[in-house]
4 protein chains.
Amino acid sequence: MRLLFLGDIVGRSGREGVLRHLPDLKARLKPDFIVVNGENAAGGFGITEKIAQELFDAGVDCVTLGNHAWDQKELLGQIGRLPQLVRPINYPEGTPGRGFTILPAKNGRHKVMVINAMGRVFMDPLDDPFPPVEKVLNIHRLGGPRMGPAGVDAIIMDMHAEASSEKMIMGHVLDGRVSLVVGTHCHVPTADLQILNGGTAYQTDAGMCGDYDTVIGMKKEAAIHKMLRKTPGERYSPGENDATVTVCGVFVETDDRTGLARRAESVRVGGRLGQSLPVV
Amino acid sequence: MRLLFLGDIVGRSGREGVLRHLPDLKARLKPDFIVVNGENAAGGFGITEKIAQELFDAGVDCVTLGNHAWDQKELLGQIGRLPQLVRPINYPEGTPGRGFTILPAKNGRHKVMVINAMGRVFMDPLDDPFPPVEKVLNIHRLGGPRMGPAGVDAIIMDMHAEASSEKMIMGHVLDGRVSLVVGTHCHVPTADLQILNGGTAYQTDAGMCGDYDTVIGMKKEAAIHKMLRKTPGERYSPGENDATVTVCGVFVETDDRTGLARRAESVRVGGRLGQSLPVV
Amino acid sequence: MRLLFLGDIVGRSGREGVLRHLPDLKARLKPDFIVVNGENAAGGFGITEKIAQELFDAGVDCVTLGNHAWDQKELLGQIGRLPQLVRPINYPEGTPGRGFTILPAKNGRHKVMVINAMGRVFMDPLDDPFPPVEKVLNIHRLGGPRMGPAGVDAIIMDMHAEASSEKMIMGHVLDGRVSLVVGTHCHVPTADLQILNGGTAYQTDAGMCGDYDTVIGMKKEAAIHKMLRKTPGERYSPGENDATVTVCGVFVETDDRTGLARRAESVRVGGRLGQSLPVV
Amino acid sequence: MRLLFLGDIVGRSGREGVLRHLPDLKARLKPDFIVVNGENAAGGFGITEKIAQELFDAGVDCVTLGNHAWDQKELLGQIGRLPQLVRPINYPEGTPGRGFTILPAKNGRHKVMVINAMGRVFMDPLDDPFPPVEKVLNIHRLGGPRMGPAGVDAIIMDMHAEASSEKMIMGHVLDGRVSLVVGTHCHVPTADLQILNGGTAYQTDAGMCGDYDTVIGMKKEAAIHKMLRKTPGERYSPGENDATVTVCGVFVETDDRTGLARRAESVRVGGRLGQSLPVV
Ligand SMILES: [Fe+2]
Ligand SMILES: [Fe+2]
Ligand SMILES: [Fe+2]
Ligand SMILES: [Fe+2]
Ligand SMILES: [Fe+2]
Ligand SMILES: [Fe+2]
Ligand SMILES: [Fe+2]
Ligand SMILES: [Fe+2]
């Protein structure tokens, strides 16, 4: 199967960048399943049902979230009815929404599980992400129907975290049991994509889909003021320059029998960053 | 001029990786100046005079440091006599060593200034890195002798920091005034190399020179134990697998007149990460 | 019932201070149950079985811990056989030892439950302390045998945390269901003892049992060097001046029927801090 | 001289508590100089010129601030003309306002210097507070006119910080050179008041002037929701129950010749906390 994962969409320019590049990405990469992290899609802060729907309409199969999940408060009341929207699995019990989901691939034959988890190093206190992920992986195993009715054909884990160490640990701990562990949250694509020893594709951060002539997607002036002056300044708002928007992510081809990665390549299209577009 | 910057060397395997690849890198890239971050060179923790000397002997022109600068305590007594060794500029007044240095390029004609600064977000409390950097840049300006006797031909800033935002802000604030702002500390190469609007090359993290089948250079078992179990486990020690060592960094060609970047490319050689080697 | 809780014992001087003052405290306060936090009892770092035993021999009924629980590694192998030693309840599943315990009061008639939990604000990532505490309190209810065989006569919760807000939240959340919520970890006694609306005694920090002519129990020089110089200095070691050791804690008298607090007073004896010794 | 310092005023109930108790405190303690920390006076967030004026009108001689200094943005434009308002001294160069001030005592004969500094442990990155404080103390020495025209008769240092260790280090470092080092920010009075070896009065935290049936001055419900649920809830707002407002601080009598502390006692009046009111 071919899996495409795109990192945190930041604001209007990031959304439009994704919508602009998606047709070509679909034509070239023929992905069977597309996941996008949407935690910054609404003006940099959270996502709304409407924006999520726009992404689904454009062919995105699943949207993941992160620490900005609830910046648009109304999502708390909507997420329950949005099976394609996944929030971090290690939020407290009783949090609306789901921490993983199983959805059909575009080919109609395969099932893809998407898990979203949040790191804790340099982030808000949250429960340990490892036990709930273990629990899910003990039920839904990679390998398709061979693994029984709960088997799935591919597993994508979006590890939303600040520290590279914490993401790598998730990669190694899940190695051999999921198709892809990819980090989000740092808004910078990393160049450390590899297939780990057990067959899991791993990249520390997918990078954002947004304006890279900014400070992690936000206009420079406000971010610089806050860092240097320590007095309140402008509100943060996403960069608006479409010419410097890069759509960033990871493309993985899995072995249909094992669900593990056979090939993995980074995706970076548009803007000023070094371009990377796998040839399928 | 051609500048080569390599990220944090981690332990024996990282040092040997650098020494193994450096002859070929020198032959192909013909760098006029080579900088390496050495804060983890000694068993993952700090650096000794002997190790620094080994690097200088191999053709490294300058070694930068970071939060691990003093892990080998004896360096405090040695750094004063090592003009090619730079520690973060925003340590408290009275800290041994220097926060920037000006050294001759290999061609004998040019002068290169190297500044090392440390970020504060998610790191130990330290003075603001921006004012001392401004002070230095007000004296030593890019542009060579045209800028007077204090002029320099290239300026490399190693911004040792955890948060991508803080590194980007340093990039934007110095844009047009230095040749390269490159981050270190995260031990993961980023794929966001670009030449900023003002002509400064920028990459959020150079990545480490070390074993990438690890947790940021350290053996997996100890790091996983600590993260998952929260009880004391094995001591941390660097990965030892030479086959998975990648030497990571950034290569920049500057305009001889302005000292700004004309071309910038990432460097990744050896190991399992996607290879990147500029053709000069 | 009369309950005496003493805060973090720091090093030799703290231990000896407790042993020196305990006979008089027992004579005057006639406590039915004595709890001491022992996370810094062994040279400032952790506790050993031998030290714990010394405290039990002196009449301490229960010792609680905190983030320094495992500084003396061998405790990991010993804690399983020490029913009077309690470590934070929100350590990962599988951590040796217990997060709460139920022990007989000195009068032989009553049962006292002691819970130890750890905060997460400004501390290492850990699971949410609230759910496991709720679980325990749903089984073992205050009110003695009237509440069935799992009923207990007093409940003491040691909330080991940095942020005053997090300790207060624990106090309010448990108000009316436990006898005492007392904070530890900050090594400074607070003067905010009160009986909350529901009948639970609350003090944000018990204060340490240790040398107060120090920096939170540790000799001044090393702590000042580290804070000001940011270079490695002397190892931290506990203050040694017995004349400035204060034994700090909280004394609570509970209603025998409800187990709630009828009276609560701070305890501070010895050294230079303002003395406080309830008259019973 | 007699000095009265009161901790962080939180919201309307805290302000009214101070105004209600101040006449009696003035009558009993006959303070020559009164300082209040006002960083939370305006609805819990910052202070306005109008509120500061109200405090000055009631007899407060100086108001200090902290990390909430600029929550009411307009203060940035007003603080320059308010000589009795002091903000942390270690804000970046160019920050409006002053980090220390020298004001006449009520007796008209003495001069009192007030310094406000901010800690960095568990707080936002800021410059080291120690060097600027040293600089001020090298100019303005305790001891009155005997020390030359820059001599002052009393020095009060408000160390606004989270970590008790950082406050204690400030106390020990300034011991013998200032009249009082008192912490603010934690909103909990500590019971560790002492006169240090060199003659400086020290208390880790003054405690807030506010409603203690809350979470550090803020209504319980919102704080509990945020801690337990990790989803957005009610806005934070100060507690409103005047019956549980305690006015907290420190009273110091200095030696008129040396300016050092001869006597120091905690002040806690009103509400549910243990009352403490020195007899003068
Ligand atoms: Fe994000
Ligand atoms: Fe995020
Ligand atoms: Fe490093
Ligand atoms: Fe580092
Ligand atoms: Fe402790
Ligand atoms: Fe502790
Ligand atoms: Fe405050
Ligand atoms: Fe504050």
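A quick note: this is a predicted structure, and the numbers were derived from the prediction, not measured.

### What about the UniProt feature "binding site: Fe cation 2" (unreviewed entry) in chain A?
All names here are of chain A. Taken from the UniProt record, the annotation "binding site: Fe cation 2" (unreviewed entry) applies to Glu39, Asn67, His160 and His185. With the annotated positions falling across 147 residues, the maximum pairwise C-alpha distance of 10.1 Å places them together in a single cluster. Tracing the chain through its elements places glutamate 39 in the loop between β2 (33-37) and α2 (49-57). Judged by relative accessible area, glutamate 39 falls into the buried class, the value being 0%. Residue contacts for glutamate 39: discarding those within four places in its chain leaves Asp8, Gly44, Phe45, Gly46, Thr64, Leu65, Gly66, Asn67, His68, His160, His185 and His187. Tracing the backbone shows histidine 160 in strand β7 (residues 154-160). Overall, histidine 160 belongs to the buried group, its relative accessible area being 0%.

### Let's talk about the relation of the copies chain A and chain D
Superposing chain A onto chain D takes a rotation of 180° combined with a translation of 0.0 Å along the rotation axis, leaving an RMSD of 0.0 Å. These values place the two chain copies in the arrangement generated by a two-fold rotation axis. Among all residues of chain A, the minimum C-alpha distance to the rotation axis is found for Phe122(A), at 5.7 Å. Comparing interface residues between copies, 100% of those in chain A also lie at the interface in chain D; the contact surface is shared.

### Section: the interface of chain A and chain B
Taken together, the contact pairs 41 residues of chain A with 41 residues of chain B. Carbon and sulfur atoms make up 63% of the surface buried where chain A meets chain B, a total of about 3500 Å² over both sides. On the chain A side of the interface with chain B, the three residues burying the most area are His172(A), Ala191(A) and Met227(A), jointly 16% of the side's total. Across the chain A-chain B interface, the total number found is 0 salt bridges. At the boundary of chain A and chain B, one finds 14 residue pairs in polar contact (both at pLDDT 80 or more).

### Overview of the coordination of the iron ion (ligand 6)
For a metal with four tetrahedral donors the ideal donor-metal-donor angle is 109.5 degrees, whereas six octahedral donors ideally subtend 90 or 180 degrees. Residue and element names in this part refer to chain C. Looking at the iron ion (ligand 6), one finds its protein donor set to be Glu39 (OE), Asn67 (OD1), His160 (NE2) and His185 (ND1), positioned 2.1 Å from the metal centre. Its 4 donor atoms give the iron ion (ligand 6) angles of 86 to 148° at the centre, a pattern that matches the irregular case. Each donor residue of the iron ion (ligand 6) belongs to the same chain, and together they define the spacing E-x27-N-x92-H-x24-H. Between the two metals, the iron ion (ligand 6) and the iron ion (ligand 5), the spacing is 3.4 Å, and glutamate 39 donates to both. Within this pair, whereas glutamate 39 is found in the loop between β2 (33-37) and α2 (49-57), its partner histidine 160 is found in strand β7 (residues 154-160), the two being separated by 121 residues in sequence.

### A word on the sheet that holds strand β6 (residues 111-118) of chain C
Residue and element names in this part refer to chain C. Sheet architecture is open: 6 strands sit in the order β5-β6-β7-β8-β10-β9, paired in mixed fashion. Looking at the sheet topology across the chains shown, the edges are occupied by β5 (100-104) and β9 (194-195). Across the sheet, helix α4 (residues 130-139) touches β5, β6 and β7, and the angle it forms with β6 is around 170°. Sitting on the sheet, helix α5 (residues 164-174) is in contact with β7, β8 (180-184) and β10 (201-203), with an inclination near 170° to β8.

### Quick notes on unusual backbone geometry
Although it is not a glycine, His185(A) sits at a positive phi angle of roughly 100°. Its place among the elements puts His185(A) in the loop between β8 (180-184) and β9 (194-195). Accessibility expressed as a relative area gives 14% for His185(A), which makes it buried. A positive phi angle, close to 45°, is found at Lys30(D), a residue other than glycine. By secondary structure assignment, the location of Lys30(D) is in the loop between α1 (11-29) and β2 (33-37). Accessibility expressed as a relative area gives 45% for Lys30(D), which makes it partly exposed.

### Details of the packing of α5(C) against helix α6 (residues 220-229) of chain D
Relative to each other, α5(C) and α6(D) sit at 105°, their axes nearing to 10 Å. Considering their axes alone, α5(C) and α6(D) lie roughly perpendicular with respect to each other. The segment α5(C) lies against α6(D), with Glu166(C), Ile169(C), His172(C) and Val173(C) engaging Lys220(D), Ala223(D), Ile224(D), Met227(D) and Leu228(D). Here the contact of α5(C) with α6(D) is composed, by residue class, of 6 nonpolar, 1 polar and 2 charged.

### Looking at the interface of chain A and chain D
Chain A puts 16 residues into the contact, and the matching count from chain D is 16 residues. Taken as a group, Arg229(A), Lys230(A) and Pro232(A) account for 41% of the area that chain A buries against chain D, more than any other trio of residues on that side. Inspection of the region where chain A meets chain D yields 0 salt bridges. For the interface between chain A and chain D, the tally reads 6 residue pairs in polar contact (both at pLDDT 80 or more). Class assignment for the residues of the side of chain A that touches chain D results in 8 nonpolar, 4 polar and 4 charged.

### Some words on the coordination of the iron ion (ligand 4)
Residue and element names in this part refer to chain B. Only Glu39 (OE), Asn67 (OD1), His160 (NE2) and His185 (ND1) from the protein coordinate the iron ion (ligand 4), and they sit 2.1 to 2.2 Å from it. Around the iron ion (ligand 4) sit 4 donor atoms, and with donor-metal-donor angles ranging over 85 to 148° the site reads as irregular. Here the donor residues of the iron ion (ligand 4) are spaced in sequence according to E-x27-N-x92-H-x24-H. Between the iron ion (ligand 4) and the iron ion (ligand 3), a spacing of 3.4 Å is present, and a bridge between the two is formed by glutamate 39. With glutamate 39 in the loop between β2 (33-37) and α2 (49-57) and histidine 185 in the loop between β8 (180-184) and β9 (194-195), this pair connects stretches of sequence that are 146 residues apart.

### Notes on the sheet that holds strand β6 (residues 111-118) of chain A
Residues and elements named next belong to chain A. Here we have 6 strands laid out as an open sheet, ordered β5-β6-β7-β8-β10-β9, and mixed in their pairing. If you trace the sheet from one side to the other, it starts and ends with β5 (100-104) and β9, each paired once. Here 3 bridges tie β8 to strand β10 (residues 201-203), and the two strands are oriented parallel to one another. The residue of β10 that forms the bridge with valine 181 is tyrosine 202. Most of the contacts of helix α4 (residues 130-139) go to β6, to which it runs at about 170°, and overall it touches β5, β6 and β7.

### A closer look at helix α1 (residues 11-29) of chain A
Residue and element names in this part refer to chain A. Helix length check: α1 (19 residues) gives 25 Å between terminal C-alpha atoms against 27 Å at 1.5 Å per residue, within 8%. Taking the largest bend as the criterion, α1 deviates by roughly 40°, centred on leucine 22, and proline proline 23 comes between one and four positions later. Regarding α1, the residues found buried are Gly11, Ser13, Gly14, Arg15, Gly17, Val18, His21, Leu22, Leu25 and Leu29. Lining the buried residues of α1 we find β1 (2-6), β2, α2, β11 (210-211), β12 (245-254) and β13 (261-269). Taken from the residues just after α1, lysine 30 is the one with a positive phi, measuring 45°.

### Things to note about the pairing of β2(A)
In summary, the side chains of a regular strand alternate between the two faces of the sheet. Residues and elements named next belong to chain A. Most of β2 is tucked away: 5 of the 5 residues are buried. The two faces of β2 match: Phe33, Val35 and Asn37 on one face and Ile34 and Val36 on the other face are all buried. Summarising the sheet, β1 and β2 pair through 4 bridges and their orientation is parallel. From the neighbouring strand, leucine 4 faces β2, where its bridge partner is isoleucine 34. The parallel pair β1 and β2 is bridged by α1, and the resulting crossover is right-handed. In this region the chain leaves β2, passes through α2 and returns to the parallel neighbour strand β3 (residues 62-64); the handedness of that crossover is right-handed.

### What about the UniProt feature "binding site: Fe cation 1" (unreviewed entry) in chain A?
All names here are of chain A. Summarizing the sequence annotation, UniProt attributes the feature "binding site: Fe cation 1" (unreviewed entry) to Asp8, Glu39, Asn40 and His187 in the numbering used throughout. Spanning 180 residues, the named residues form one tight spatial group whose C-alpha atoms are at most 11.2 Å apart. Within the fold, asparagine 40 resides in the loop between β2 and α2. If sequence neighbours within four positions are ignored, asparagine 40 has contacts with Asp8, Ile9, Val10, Gly11, Phe45, Gly46, His68 and His187.

What counts and how
- Residues numbered from 1 in each chain as written.
- Chains lettered and ligands numbered in written order.
- Predicted model: local features only at pLDDT ≥ 70, side-chain atom pairs only at ≥ 80, totals over all residues.
- Heavy atoms only, no water.
- UniProt positions renumbered as here; feature names shortened; annotations may be inferred.
- Helix = DSSP H or I, 4+ residues; strand = E, 2+ residues; numbered from the N terminus.
- Buried < 20%, exposed > 50% of the residue type's maximum accessible area, 1.4 Å probe, protein only.
- Contact = heavy atoms within 4.5 Å.
- Least-squares fit on C-alpha atoms with pLDDT ≥ 70 in both.
- Buried area = accessible area lost by both parts, 1.4 Å probe.
- Salt bridge = Lys/Arg side-chain N within 4 Å of Asp/Glu carboxyl O.
- Polar contact = N/O pair within 3.5 Å; in protein donor to acceptor, adjacent residues only side chain to side chain.
- Donors = N, O, S within 2.8 Å, 3.2 Å for Na, K, Ca; no water.
- Tetrahedral: all angles 85-135°; square planar, octahedral: opposite > 155°, others 65-115°.
- Pairing = 2+ DSSP bridges.
- Axes fitted to C-alpha atoms, helices over the stretch in contact; angles between N-to-C directions.
- Parallel < 35°, antiparallel > 145°, perpendicular 65-115°, else oblique.
- Nonpolar A, V, L, I, M, F, W, Y, C, P; charged D, E, K, R; others polar.
- Expected span 1.5 Å × (residues − 1).
- Bend = angle between axes of the 7 residues up to and from the residue.
- Right-handed = clockwise from strand over helix to strand, strands pointing away.

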